[in-house]
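If you want the building blocks of each chain, they are given just below.
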Amino acid sequence: MSQHLHCYTKYLLSSLILVALFFFVGYNSPIAAETGLNSSLDSTILAIDVAGNNDVSTETILKAVTNVRLGETWNAEKINKDIQAIQRLGYFLNVEAKGEPFLGGLKLVFHVTENPLFKGFEFRGLTVVDPKYLSSLFTQKQGETINLAKIQKDLSDIIPRCQEEKGYMLVFRDIHLGSDGKVTLTLAEVKLRKITITGLFRTKEIVVRRELTIKEGEVLNVNNIRDDYQKIARLGLFQGINPMIQPTEIPDWVDLVLEFTETEKVGQLNFGLGYSPSSGDITGNAKIAHPNLWGMARAASINFEFGEEIQNFYLEYYDPWFFPNQISLRSRIYYDSRQNREYFSDSGDIGENLVDTFDQTKTGFDITLGKPIAKNLVLNTSLNIQRVKSRNWSDLDMDKSGDGNQEYWNNSIGLSLVNDNRLFDKNTMVVTGGNRNYINASLYGLFDSAYDYTTYTAETAHYYTPWDKGPTFAIRAKGGMMDGEVPRIEGYELGGPTTLRGYKDSFIKDDKLLLINAEARYYLPKQDNIELVVFYDYGSVDWKNYFSSYGVGFRYNIPMLGQIRIDYGWNGEGDSPEFHFFIGEMF
C-alpha cells in the first residue's frame, strides 16, 4: 500500500509545484526598464543598486542578479530574468527595474515593494485537519517579512508530513497575501469517492465492509486504511490483502480498491500428537472446523483429545456479528474426562512421589458475548455452567464425602478485556509486529456451586521484526492467581505444547501462575510455508518453584489444513526430551 500512497503523494506534490511556479512567475509580471528605456537602448550599465527595501538586505537581493553584468549594454531580456529571480526570493509584492544616468552611463536600479510583516495564517477548506497543527509546521516567523518562497517550500514538505503523521492527504488550492500580514491558504482535504472490493469468491462482501471504519464520501485517512486492513487480517480468512489508492479526474477525490486473496482452506481437519520418551505416553488430538460458514466469518469446530487416560470432546461455535452493533457470540459444549490425575498432597513436595491420584470428569457449556468498546479493544462477558465428578481417590481423606467419590456444580461468570494490536504481513498474513493483551476475572460460586472463589488472569504477547526478511521475535508473559475456597483439584496447569514444552502434559498444577514463552521465528527465503523456530519456556504454578525448558521447532503450512507445529524440547530437570505435535502457533 505504501507504494500506491507514495505515487499519489508524488502526484499531489507535482500539482502543488506547478501551481506554485505559476504563482511566482505570473504574480505581478516583471516590468522591464521604465523611464523610456527599452531593449533598443545601447547604453552601458556601470552600476547596479536596489531601492525600496527595508527589512531585506541589499546584499540578499543582489545575489539573485546573475544575468546582468557591469559593463554590458542594456538588455531587457536579461533584466527581466533577474526581476523574476528577485521575485522568486519570495519577499516582494512587486519588483521593477529602472535606469538612471550615472557617470556617462546607466545605473540599473531594482525597485522593490516588500511584503507586509507576518501576522499569522488563515486556512480555508479544512474540516478535520487542525489548523494549529499545520501552522506549527511552517518556518515563517511572526513579525518577519512574509516570504512566499519559504511558505511554498514549507507547504511542499508539510503536505506529505501531514499524511505521514496524521493520515490526511491535502491538495493545494490557492494562496492570498493580505495587506494586514495575514496569509490565507486554501487547501482541500482528499475525500474517498468509492470503495471497490475484488478477489472474494467464498466470503461475502458484507464481511469486509462491516469491518471498515472508512466511509465513502468522507475525508480519507490513510491510517484508518492501515487499521482496517489489520483488523480484516485478524479474521484469518485471507492470505493476502492489497489496498490501492487510485486518483480520479477530480484532484481532491480518490477511489480505494481492496484486493483480496482468500485462503485455500475451505474447512480444516487438524490433528496433533504428543509423545514422552521417558514414560512412553502418547496423546492425540483432532479438530474438524469450518472458519467461514456461509461466507459470513462464522466458525464452528469439533475438537477431540484422546489417550490412554484422557478423553475430551468440545463443540464450539463463533459468530462475530451475532447481534447488531458488532456483538459477538461464542458458545461451547464440552466433555472432559481424565484418569489417574496426579495431585501433590500437603505432605508431599514437588519432585517426590507423595501424590494422590484421582479420576475427573467435567461436563458443561459456556457462552461469551463480546462488544468493541474502543479501537482494537473488546469487552467480553461469559457464563459457564459446569458439573464436576471426581472419584477413585488414592487418598480417601481428600474427598469430602469420605467414600472416594464427589460430584458438584462449579459455575461461574466472567469479565475480560482483549486488546489486539497485532500487525500482519500483507502478503503472507504472518504476524510480524504489534501486541495482544488480555485480562480476565471469573467469579465462581453461583447457582448452588459447591465452592466460592475467584480467578484472575492476565496475558500479553509482543512481536518484533527488526530487519526486513529477518526473524520475528515473539514473547508471551502470562500470570494468574486464585483466591477463596478453591477446589483442591482445580488450578493452573503447566506442561505440554501450549504452556511449557519439554515436559509431559499437565505435569504440575497449583493456584498461581507465571508463564513466559520466548521464540525466534524464521521463514526460509522463497519458502513462505516453512518456518524454523528456537524457543525458551519458563514457568511456575506456586511462585516458589520454577521450571524451564528450551528447544527447536519446525512449522509447515499445508494447503487446506493450516500450519503444522512440531516442537522438540529439553527441560531443566534433565529428563528425556519431549516431542510435541500440534496445529498453529503457540501464541
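Above this text sits the structure in question.
It should be emphasised that the depicted structure is a prediction, and the values quoted were computed from it without experimental measurement.

Explain the pattern of salt bridges to me, and be specific about the residues and the numbers.
Between side chains of opposite charge, pairing is possible as soon as their charged atoms come close. Summed over all chains, the structure comprises 30 salt bridges. Linking Asp227 and Lys375 is a salt bridge whose minimum nitrogen-to-oxygen distance equals 2.6 Å. With Asp227 in helix 7 (residues 222-233) and Lys375 in the loop between strand 15 (355-374) and strand 16 (377-391), the pair connects residues that are 148 residues apart, well separated along the chain. Among the salt bridges present, the one from Asp420 reaches Arg422, with a minimum N-O distance of 2.8 Å. When sorted by exposure, Asp420 lands in the same class as Arg422, which is buried.

Kindly report on the sheet that holds strand 9 (residues 253-262), identifying the contributing residues and their values.
The strand order across the open sheet built from 3 strands is 7-9-8, with neighbouring strands paired in mixed fashion. The strands lining the two open edges of the sheet, one partner per strand, are strand 7 (191-198) and strand 8 (238-247). Between one strand axis and the next, the sheet turns through 20° on average, direction left out of account. Bridge analysis of strand 8 against strand 9 gives 9 bridges, and the strand direction is antiparallel. Pairing of Gln246 across the sheet is with Asp255, part of strand 9. On the sheet, helix 7 packs against strand 8 and strand 9 and is oriented at approximately 160° with respect to strand 8.

Which residues make up the packing of aromatic side chains, and what are the values?
Applying the stated criterion to the full structure yields 20 aromatic pairs. Seen from their ring centres, Phe322 and Phe323 are 4.7 Å apart, and the 90° between their planes marks the pair as edge-to-face. Residue Phe322 is classed as partly exposed on the basis of its relative accessible area of 39%. By relative accessible area, which is 37% here, Phe323 ends up partly exposed. Among the aromatic residues, those joined into a cluster by ring pairs are Phe118, Phe121, Phe123 and Phe138. The aromatic ring of Trp543 is capped on one face by Lys512, whose charged end is 5.8 Å from the ring centroid. Taking the ring centre of Phe587 as reference, the NZ or CZ of Arg521 above it sits at 4.9 Å.

Analysis parameters
- Residues numbered from 1 in each chain as written.
- Predicted model: local features only at pLDDT ≥ 70, side-chain atom pairs only at ≥ 80, totals over all residues.
- Heavy atoms only, no water.
- Salt bridge = Lys/Arg side-chain N within 4 Å of Asp/Glu carboxyl O.
- Helix = DSSP H or I, 4+ residues; strand = E, 2+ residues; numbered from the N terminus.
- Buried < 20%, exposed > 50% of the residue type's maximum accessible area, 1.4 Å probe, protein only.
- Pairing = 2+ DSSP bridges.
- Axes fitted to C-alpha atoms, helices over the stretch in contact; angles between N-to-C directions.
- Contact = heavy atoms within 4.5 Å.
- Phe/Tyr/Trp six-rings, centres within 6.5 Å; stacked < 30°, edge-to-face > 60°.
- Lys NZ or Arg CZ within 6 Å of the ring centre and 35° of its normal.

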